[in-house]
Amino acid sequence: MSTDFAIEEEIESAAESVGSVWPLHSFVTANPLAGFEDQPFHEAVEAAEQVLGGDGYPSADVFREAWDAGRIEPQEVQRGLRSNGYELDPETSLDRLAAAEPNSTSETAPETEQVEAVLTKWLAAFLDQGRAAWEMPNRELGFYEAFRGVSPYDSNIPDSRALATLPADPIEAVRDRLTDYPVGQWVDIFEFHLAGLPGWTGFIKQRAADGDEWQLTYPITLPGYLAVRLVLADQFDAPLAPSEAPEAEAADGADADRVPLPEVWLNAWEASYRAELVEPLTDASASFDDARGGDRPDAQLVFCIDTRSEIIRRHVESAGNYETHGYAGFFGIPMRYTGYDSDVSVDACPPILDAEHRISDRPQQTTDETRGAYDRWQSALQVGKSAIKSLKSNAATAFSFVESTGVGYGLALAVRTLSPAGFAGFLDRKDAHVPNEADFCAPAVDHDPGSAGDLPAGLTLDEKVEYAATAFELMGIEEFARVFVFAGHASQTANNPFDSSLDCGACAGNPGGPNARVLATICNEDAVGRELRERGIDVPEDTVFVAGEHNTTTDEVELYAGDVPETHANDIEQLRADLDVARAGAAAERAGDMGAETDSGVRETRRRAADWAETRPEWGLAGNAGFVVGPRPLTDGLDLDGRSFLHSYDWRTDPDGDALEAILTGPMVVTQWINTQYYFATVDNAVYGSGSKVTHNPVGNVGVYQGNGGDLMGGLPLQSLRSTDDEPYHQPLRLSTVIHAPVDRVTAVLSEHDQLIELLDNHWLSLTVVDPTQDHRAFHYDGELTWTRISEQSKVSPDLSATASVADD
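Bear in mind that the values here come from a model prediction, so they are computed numbers and not experimental data. (Residues numbered from 1 in each chain as written. Predicted model: local features only at pLDDT ≥ 70, side-chain atom pairs only at ≥ 80, totals over all residues. Heavy atoms only, no water.)

1. Focus on the overall build of the chain
The line we're drawing: In this text, helices come from DSSP runs of H or I with a minimum length of four residues, and strands from runs of E with a minimum of two, each type numbered from the N-terminal end. Note on definitions: a residue-residue contact is assigned when non-hydrogen atoms from the two residues lie within 4.5 Å. In this description, accessible areas are obtained by the Shrake-Rupley approach with a 1.4 Å probe, and a residue is regarded as covered only by the protein chains that are shown.
Helix and strand counts for the chain come out as 31 helices and 18 strands. Within the chain, counting contacts between residues at least 6 apart in sequence, those at least 24 apart form 72% of the total. Accessible area for the chain stands at about 35500 Å²; split by element, carbon and sulfur atoms hold 48% of it.

Shown next, in the form of structure tokens:
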């Protein structure tokens with residue numbers, strides 16, 4: 001192995017301690033401590049604190065507030081204290097927690113601050129995605145080479161002219177700066193510098209791994225970034241190696257094997273929530289009708305497993321004879337999507353998957369008039385955007401612009417500022433007259449073997465059938481209504497750098513409507529229907545598949561039903577009317593959660609969507625704590641308060657456990673990412689979040705600063721997590737997963753996936769199984785593939801030999 005390759009590997013290893021950060025236009029919620037998941041949670045947060053400086057547990061005040069509010073059961077705290085060897089009562093332990101909290105934070109050396117001021121200036125210039133009026137020169141050569149070209153002219157760098165002699169190879173530049181340090185210390189030095197600006201490092205790490213068009217055009221690598229940082233540290237005489245940190249002492253003299261007090265309290269809080277979640281699910285398992293069949297619903301609607309869908313699903317079901325299901329919002333199709341007349345493609349699938357197909361929207365031949373109206377509106381918008389851009393960047397233009405537009409422009413600004421609800425009404429009226437892209441476009445789903453590109457265009461018939469069958473099998477759907485809706489979801493907000501974090505997480509922070517349209521198009525094909533029926537999925541001839549999109553800010557569900565046959569026109573009309581009723585109920589419920597009047601829920605949510613001064617257009621996934629995998633009757637009638645992800649699954653239609661395996665290795669992992677992002681951003685917003693939106697400063701469409709410079713903020717803002725500066729909204733709990741299935745089947749799936757066992761055994765999430773084959777008893781995963789029967793608190797070992805017999809029941 002060459003020395004250069006060894007250094008590159010060590011840099012990659014050091015970067016594992018820094019979580020990936022996605023660009024603003026496709027912000028993905030992910031675990032900021034993903035690189036520490038191979039450690040038990042309490043060890044991981046301690047290690048991350050040493051590297052990144054962030055707290056890993058809620059403060060004593062947060063625990064006390066939950067304790068006083070009755071969210072933490074006393075017996076759970078007492079059990080945790082006793083089992084971990086703490087001879088303390090709950091009140092005394094809280095006092096000790098508060099006394100042990102540090103009063104100060106470590107300070108960065110002034111020389112390092114100078115390094116980072118120069119470094120972030122050039123990072124922002126190089127990584128800009130089309131926002132800068134003047135581009136940094138030589139970007140196509142890569143970050144290190146471009147920096148070599150401009151740095152000699154940077155007057156903020158001491159002796160900058162000397163940088164003209166930097167070696168052409170960044171690895172050589174790294175090696176030159178570390179000649180005075182033993183090779184065995186280099187990984188620690190790399191980690192020290194990569195963790196210095198974790199937001200920028202995480203962004204570079206993600207971009208290099210993703211290899212998108214910006215990366216291909218203007219490449220940047222971790223070795224190149226690290227070389228520049230080390231060169232600047234050398235120039236400013238900043239520390240090259242970390243100082244030795246004092247060894248941490250175990251609290252209360254406890255040994256290293258005992259979990260810390262905050263972990264005891266966190267476990268107790270989670271156990272208290274889990275008990276409230278599991279008990280009604282166990283009761284429902286024992287009482288709901290197992291018989292298949294019954295009245296055919298008027299329509300079936302599949303929503304994303306997103307926690308916001310739990311609310312709208314309840315209200316849809318109460319509005320009529322409707323059946324709802326939950327499925328990951330990319331609808332199982334890992335695709336790279338390009339909208340009509342768009343220059344940008346997005347990977348609309350979870351980050352744990354690679355896109356496998358290119359799908360583009362294509363205008364249909366019979367809609368020239370509709371397409372023309374859309375094009376005219378977009379052209380007018382583009383002219384307006386160009387004028388605004390010119391206005392911002394040219395002082396002279398500002399006078400001529402205002403003079404030519406006159407009072408009309410000022411009036412528009414006034415309406416949007418003083419009456420956002422009125423402006424929302426204008427947008428609604430505009431939408432009624434201006435066609436949606438989906439009205440005249442259709443996704444090009446047919447396979448095109450002659451199309452150029454790194455991904456195949458469209459899908460073959462076999463692929464179409466497989467995606468459709470997988471969806472129905474994972475959800476356990478055996479009967480079909482006349483209208484079957486796939487409803488993706490997206491958020492609507494007027495002025496929010498993190499708006500993509502409110503879109504579909506399963507679509508990598510993009511709207512889910514395109515994925516819904518692709519699956520609906522596939523399922524409507526006669527050839528696909530015939531193949532499905534041959535596979536035992538009996539789709540009736542009169543079933544029509546429709547795509548839609550749920551606006552999670554306003555709770556409006558838009559149906560893309562322009563090509564629905566006349567035979568189903570009345571069905572669609574009734575469904576739209578009932579969706580309006582469901583919207584009113586869901587909007588009232590969510591308006592109440594945001595402190596608004598519930599009797600004006602629709603108006604309030606529309607105002608928030610249109611108000612460019614609104615820092616909290618919606619709550620997003622704040623409050624998430626549970627993930628329930630099971631048939632809808634398990635949760636039907638339960639108000640889960642928008643805190644649970646819901647994935648449809650029927651163990652009776654999954655004899656081999658393949659569907660369960662797909663859910664555990666896919667959606668459960670993604671929901672754990674989302675949950676930990678919210679957890680850590682709540683626990684320590686300064687390190688793992690992004691502070692207040694009020695002082696956000698967007699940078700080059702890649703991220704935000706707090707203030708006028710520094711590190712990219714990698715997490716959620718305060719307004720997404722707190723009701724006010726002093727009042728928390730999100731409760732920082734790790735994910736509690738509940739599965740309705742035979743416990744031995746779940747064990748069999750886990751035994752095949754070390755990654756899942758690692759997450760569970762290291763307590764990054766918890767797992768409870770409600771077993772319908774064992775008198776509907778609940779079993780809690782206890783580590784190393786063992787379970788505790790909740791009612792008896794007795795361990796049971798896995799019996800994998802029973803899997804086959806249970807599957808045949």
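2. Things to note about the packing of aromatic side chains
For clarity, the cut-off: Only Phe, Tyr and Trp rings take part, Trp by its six-membered ring, and two of them pair if their centres are within 6.5 Å. Stacked means planes under 30 degrees apart, edge-to-face means over 60, and tilted covers everything else.
Taken as a whole and assessed by the stated rule, the structure comprises 30 aromatic pairs. Judged by centre distance (5.9 Å) and plane angle (75°), the rings of Phe41 and Tyr679 are edge-to-face. Pair noted here: Phe41 is in helix H2 (residues 41-52) and Tyr679 is in helix H27 (residues 667-683), with a separation of 638 residues, a long-range link. Both rings, one in Trp186 and one in Phe190, keep their centres 6.5 Å apart while their planes meet at 55°; by these two values the pair is tilted. Residue Trp186 and its partner Phe190 are both found in helix H9 (residues 186-194); the two are separated by four residues, about one turn of the helix.

3. Structural notes on the pairing of strand E12 (residues 696-699)
To keep it simple, the criterion reads: DSSP calls a pair of strands paired once it identifies at least 2 bridges connecting them.
Pairing between E12 and strand E13 (residues 703-706): four bridges, direction antiparallel. Each residue of the ladder has a partner; that of His696, found in E13, is Gln706. From the end of E12 to the start of E13, which pair antiparallel, there are three residues, and Gly700 there has a positive phi angle of about 55°.

4. Considerations on the sheet that holds strand E8 (residues 544-551)
Defined as follows: As a rule, the C-alpha atoms of each element are fitted with a line to give its axis, helices using only the stretch in contact, and angles between N-to-C directions run from 0 to 180 degrees.
Ordered by their spatial adjacency, five strands build an open sheet running E2-E1-E7-E8-E9, and the pairing between neighbours is mixed. One side of each edge strand has no neighbouring strand; the edge strands of this open sheet are strand E2 (322-326) and strand E9 (557-560). Geometrically, the sheet is characterised by an average inter-axis angle of 25° between neighbouring strands, direction not taken into account. Bridge count for E8 against E9 is four bridges, and the pairing is antiparallel. Pairing of Ala547 across the sheet is with Tyr560, part of E9. Running over the sheet, helix H14 (residues 307-319) touches strand E1 (299-303), E2, strand E7 (483-490), E8 and E9 and is turned about 165° from E2.

5. As for a negative patch on the surface
For clarity, the threshold we go by: Only residues whose relative accessible area exceeds 30% and that take part in no salt bridge are eligible for patches, with like-charged residues grouped when within 9 Å of each other and nonpolar side chains (Val, Leu, Ile, Met, Phe, Trp, Tyr) grouped when within 5 Å. One side-chain nitrogen of Lys or Arg within 4 Å of one carboxyl oxygen of Asp or Glu is enough to make a salt bridge. In this tally, Asp and Glu contribute negative charge and Lys and Arg positive charge; neither His nor the terminal groups of the chain are included. Charged side chains are reduced to one point each, which is NZ for Lys, CZ for Arg, CG for Asp and CD for Glu.
Residues Glu8, Glu9, Glu12, Glu16, Asp38, Asp754 and Glu758 make up a contiguous surface patch of negative charge. Mapped onto the negative patch, the elements with two or more residues apiece are helix H1 (3-15) and helix H30 (754-761). Counting residues per element, the negative patch draws most heavily on H1, which supplies three residues. One can find Asp38 in the loop between H1 and H2.

6. Quick word on the nonpolar core
Cut-off, in case you're wondering: Nine residue types can take part in a nonpolar core, namely buried Ala, Val, Leu, Ile, Met, Phe, Trp, Tyr and Cys, and a core is a set of them joined through side-chain atoms within 4.5 Å. Partly exposed residues are those whose accessible area sits between 20% and 50% of the maximum for their type, while under 20% is buried and over 50% is exposed, using a 1.4 Å probe and protein chains only.
Core analysis: the largest hydrophobic core is formed by 138 residues, its most contacted members being Phe472, Phe486, Val746 and Leu750. A per-element tally of this core places helix H13 (residues 261-287) first, with 11 residues. Ignoring sequence-local partners within four residues, the contact set of Val746 consists of Leu660, Leu664, Ile739, Ala741, Leu767, Val769 and Trp787. If you look at the next biggest cluster of nonpolar residues, it comprises 53 residues, including Val118, Leu163, Tyr218 and Leu712.

7. Regarding the packing of helix H3 (residues 60-68) against H13
This is how it is decided: Crossing handedness: left-handed means the near helix sits turned counterclockwise from the far one by under a right angle, and right-handed means the same turn made clockwise. As a working rule, the residues Ala, Val, Leu, Ile, Met, Phe, Trp, Tyr, Cys and Pro are called nonpolar, Asp, Glu, Lys and Arg charged, and the rest polar, with Gly in that last group.
Two elements in contact, H3 and H13, have axes separated by 11 Å at closest approach and are oriented at 35°. As H3 runs across H13, the sense of the crossing is left-handed. Contacts between H3 and H13 involve Val62, Phe63, Ala66 and Trp67 from the former and Pro262, Trp265, Leu266 and Trp269 from the latter. Here the residues of the contact of H3 with H13 sort into eight nonpolar, no polar and no charged.

8. Section: helix H5 (residues 90-100)
Using the following cut-off: Think of the arc as the fan of directions from the helix axis to the C-beta atoms.
All of the buried residues in H5 are Pro90, Ser93, Leu94 and Leu97. End-on, the buried residues of H5 take up no more than an arc of 100°, which puts them together on one face. Residues of H5 that are buried make contact with H3, helix H4 (74-83) and H13.

9. Points about the sheet that holds strand E5 (residues 357-363)
The strands making up a sheet associate through backbone hydrogen bonding, with each pair oriented either parallel or antiparallel. Strand order in the open sheet formed by four strands is E4-E3-E5-E6, with mixed pairing between adjacent strands. The sheet terminates laterally at strand E4 (345-348) and strand E6 (441-443), the two strands that pair on one side only. Neighbouring strand axes in the sheet, compared pairwise and without regard to direction, differ in orientation by 25° on average. Sheet topology note: the strand E3 (residues 335-338)/E5 ladder contains four bridges and is parallel. If you follow Tyr337 over to E5, its bridge partner there is Ile359.

10. Let's talk about the confidence of the model for the chain
The predicted coordinates of low-pLDDT regions are not to be read in fine detail. Inclusion rule: Every residue is assigned a pLDDT by the predictor, reflecting its confidence on a scale from 0 to 100.
Of the residues in the chain, 86% have a pLDDT of 70 or more, and the chain-wide mean is 88. Below pLDDT 50 for its whole length, residues 248-254 participates in six contacts with residues either more than four positions away or in separate chains. Scored below 50 in pLDDT, residues 799-809 shows 15 contacts in the model against residues more than four places distant or in partner chains.

11. Concerning the pattern of salt bridges
Summed over all chains, the structure comprises 35 salt bridges. The residue Arg608 makes a salt bridge to Glu604 at a minimum N-O spacing of 2.7 Å. Of this pair, Arg608 and Glu604 both sit in helix H24 (residues 601-610), four residues apart, which is roughly one turn of the helix. Residue Arg607 pairs with Asp611 through a salt bridge whose shortest N-O separation is 2.9 Å. Judged by relative accessible area, which is 10%, Asp611 ranks as buried. Each of Glu604, Arg607, Arg608, Asp611 and Glu614 takes part in salt bridges that share partners, so that together they form one network.

12. A look at the packing of helix H20 (residues 461-475) against helix H22 (residues 526-534)
So the rule is basically this: We call two directions roughly parallel when the angle between them is under 35 degrees, roughly antiparallel when it is over 145, roughly perpendicular when it lies between 65 and 115, and oblique otherwise.
Running from N to C, H20 and H22 cross one another at 55°; their axes reach a closest spacing of 9 Å. With respect to H22, the axis of H20 lies oblique. Between H20 and H22 the crossing geometry is right-handed. Contacts between H20 and H22 involve Leu461, Lys464, Val465, Ala468, Ala469 and Phe472 from the first element and Ala527, Val528, Glu531 and Leu532 from the second. Among the residues forming the contact of H20 with H22, the class breakdown is eight nonpolar, no polar and two charged.

13. Overview of the side chain of Arg177
You can see Arg177 is positioned in helix H8 (residues 170-177). In this structure, Arg177 is in contact with Leu166, Leu230, Val231, Asp234 and Leu240, ignoring residues within four places of it in sequence.

14. Thoughts on unusual backbone geometry
The backbone phi angle of Asp237 is positive, close to 60°, even though this residue is not glycine. Despite not being glycine, Asp555 shows a phi value in the positive range, around 65°. Relative to the assigned elements, Asp555 resides in the loop between E8 and E9. Asp555 gets classed as buried once you look at its relative accessible area, which sits at 1%.

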